[in-house]
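# Overview (structure and organization)
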Amino acid sequence: PPTDVAPASPLPSPQAQAIIEAMDPVVAALFRKSAPERLATLRAARSTGDQDKVLRVVHSLKPQLTSFDADRFTPLCARIRESGSQDDLAAWNADLDTLERGVEDVLRGLGQ
């Protein structure tokens, strides 16, 4: 019987992968260490509808994410912050889904 399997997120672009590989090893190690916990916190905040905590987590992730791939994460984080009023809940959730996949992509690119 068919099973519901989420499609794999695309691997980081070659440009993003090159940036990831060129990152200061200390910065990369800090992200590898903290990002899984932040991702879990983001997911928990989303599941309880804690919009303020979601925005705080996004704000805390943004500097590191934009250092890995500014073209991808700068506009995404801006849209999430700007739509913090959740006027368009579907778009806000879609952007948060994209952010979660992006964090996973970067972690994969860092070998985690």
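The structure displayed is predicted, hence computed values, not measured ones.

Moving on, we come to the environment of Gly109. Structurally, the position occupied by Gly109 is in helix α4 (residues 89–109). Of the residues examined, Gly109 reaches a relative accessible area of 18% and is grouped as buried. Remark: the alpha-carbon pair of Gly109 and Phe68, spanning 41 residues in sequence, is separated by 10.0 Å.

Moving on: the nonpolar core. Residues Phe31, Leu42, Val58, Leu65, Leu99 and Val103 are the most contacted members of the largest nonpolar core, which totals 23 residues. Contributions of two or more residues to this core are made by α2 (25–48), α3 (51–82) and α4. Counting residues per element, this core draws most heavily on α3, at 10 residues. Excluding residues within four positions of it along the chain, Leu65 makes contact with Phe31, Phe73, Leu99, Val103 and Val106.

Analysis parameters
Residues numbered from 1 in each chain as written. Predicted model: local features only at pLDDT ≥ 70, side-chain atom pairs only at ≥ 80, totals over all residues. Heavy atoms only, no water. Helix = DSSP H or I, 4+ residues; strand = E, 2+ residues; numbered from the N terminus. Buried < 20%, exposed > 50% of the residue type's maximum accessible area, 1.4 Å probe, protein only. Core = buried A, V, L, I, M, F, W, Y, C linked by side-chain atoms within 4.5 Å. Contact = heavy atoms within 4.5 Å.

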